[in-house]
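Residue-level listing of the chains:
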Amino acid sequence: DLDQARVIEPPNEFPNWQESFFSPDGRYALLRNESDVQLWQVDPWTSVSARMPAAGVLSNTPPWILGPDARYLFQDADVGFAVSFSNLRDLNYTALHGVPPDSKIAAHAMNSSGSQIALGDTQGRMFVVDTSNNEVRQLSGPVGSRVTWMAYSEDDAWVAAVRRDGSTFAFDAQTGIA
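This one's a predicted model, so the numbers in the text were calculated from it and none came from an experiment.

## Some remarks on the overall build of the protein chain
- Looking only at helices and strands, the protein chain features one helix and 16 strands.
- Taking all 178 residues of the protein chain together, the buried fraction comes to 44%.
- For the protein chain, long-range pairs separated by at least 24 residues make up 34% of all intrachain contacts whose partners lie at least 6 apart in sequence.
- Roughly 9,100 Å² of accessible area belongs to the protein chain as shown, and the carbon and sulfur atoms make up 51% of that amount.

Here's what the structure looks like:
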């Protein structure tokens, strides 16, 4: 906890803890051990979901993004690299349609409210996902090399992307216009 300058140890009720994925505000964490995952409120540690087999919840391929208030888990799926959202409280799994099945996510960014996630893949394609309805919009841009970096402007009005070949793009976050 940087605000309090203290370390918050994982809860004893979750044995053999190995790693954690935190929501942007740090209030929630998805804890993982060798076989299970469980969603927790951080301070004080309070379980928010049942303990579940990790293989049924987390893909083996990063990135994993825990949304604001732990509303969703965004991840690459292992099979075909399809992007998905999971509601961790009830395990509702939703595949995103509009991201090509051969897309391997190489860069991502979330806006400050968590209402959009920008994605860039290894083939230079760029997308914006509306997290309220899972709608995917492909951003315009020529075919190119791997997207290496994406970010939202401070006011969330723009999405910036950089490719390995040095190409740089800026898009209106609402319209997708470059």
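## Concerning the nonpolar core
- By size, the foremost hydrophobic cluster in this structure holds 14 residues, and its most contacted members are Met126, Met150, Tyr152 and Val159.
- Counting residues per element, the ones that place at least two in this core are β10 (105–110), β12 (126–130), β14 (147–152), β15 (158–163) and β16 (168–172).
- Ranked by residue count, the leading element in this core is β14, at three residues.
- Filtering out sequence-adjacent residues up to four positions away, Met150 remains in contact with Ala107, His108, Ala109, Ala118, Leu119, Gly120, Met126, Val159, Ala160 and Ala161.

## Concerning the side chain of Ser49
- Its place among the elements puts Ser49 in the loop between β4 (46–47) and β5 (52–53).
- The exposure class of Ser49 is buried, given its relative accessible area of 9%.
- A distance of 3.1 Å separates a polar atom in the side chain of Ser49 from the backbone nitrogen of Leu39.

## Let's talk about the sheet that holds β16
- If you walk across this open sheet you meet the three strands as β14-β15-β16, and the pairing is antiparallel. Of all the strands in the sheet, the pair left with one neighbour each is β14 and β16. Ignoring strand direction, the axes of neighbouring strands in this sheet form an average angle of 20°.
- Note that β15 and β16 share five bridges and pair antiparallel. Across the sheet, the residue bridging to Ala161 is Phe169, located in β16.

## Remarks on the pairing of strand β3 (residues 36–41)
- Taken across its six residues, β3 has five buried, putting it largely inside the fold.
- The turn linking strand β2 (residues 28–32) back onto β3 is made up of three residues.
- Note that β3 and β4 share two bridges and pair antiparallel. Bridging across to β4, Trp40 finds its partner in Ser47.
- Where β3 folds back onto β4 in an antiparallel hairpin, the turn is made up of four residues.

## Let's talk about the sheet that holds strand β11 (residues 116–121)
- Strands sit in the order β10-β11-β12-β13 across an open sheet of four strands; the sheet is antiparallel. Edge positions in the sheet fall to β10 and β13 (135–139), since each has one partner strand and no second. When the angles between neighbouring strand axes are averaged without regard to direction, this sheet yields 25°.
- Relative to β11, β10 runs antiparallel, the two being bridged by five bridges. Of the residues in β11, the one forming a bridge with His108 is Leu119.

What counts, and at which threshold
Residues numbered from 1 in each chain as written. Predicted model: local features only at pLDDT ≥ 70, side-chain atom pairs only at ≥ 80, totals over all residues. Heavy atoms only, no water. Helix = DSSP H or I, 4+ residues; strand = E, 2+ residues; numbered from the N terminus. Buried < 20%, exposed > 50% of the residue type's maximum accessible area, 1.4 Å probe, protein only. Contact = heavy atoms within 4.5 Å. Areas by Shrake-Rupley, 256 points an atom, 1.4 Å probe, with all protein chains shown as cover. Core = buried A, V, L, I, M, F, W, Y, C linked by side-chain atoms within 4.5 Å. Polar contact = N/O pair within 3.5 Å; in protein donor to acceptor, adjacent residues only side chain to side chain. Pairing = 2+ DSSP bridges. Axes fitted to C-alpha atoms, helices over the stretch in contact; angles between N-to-C directions.

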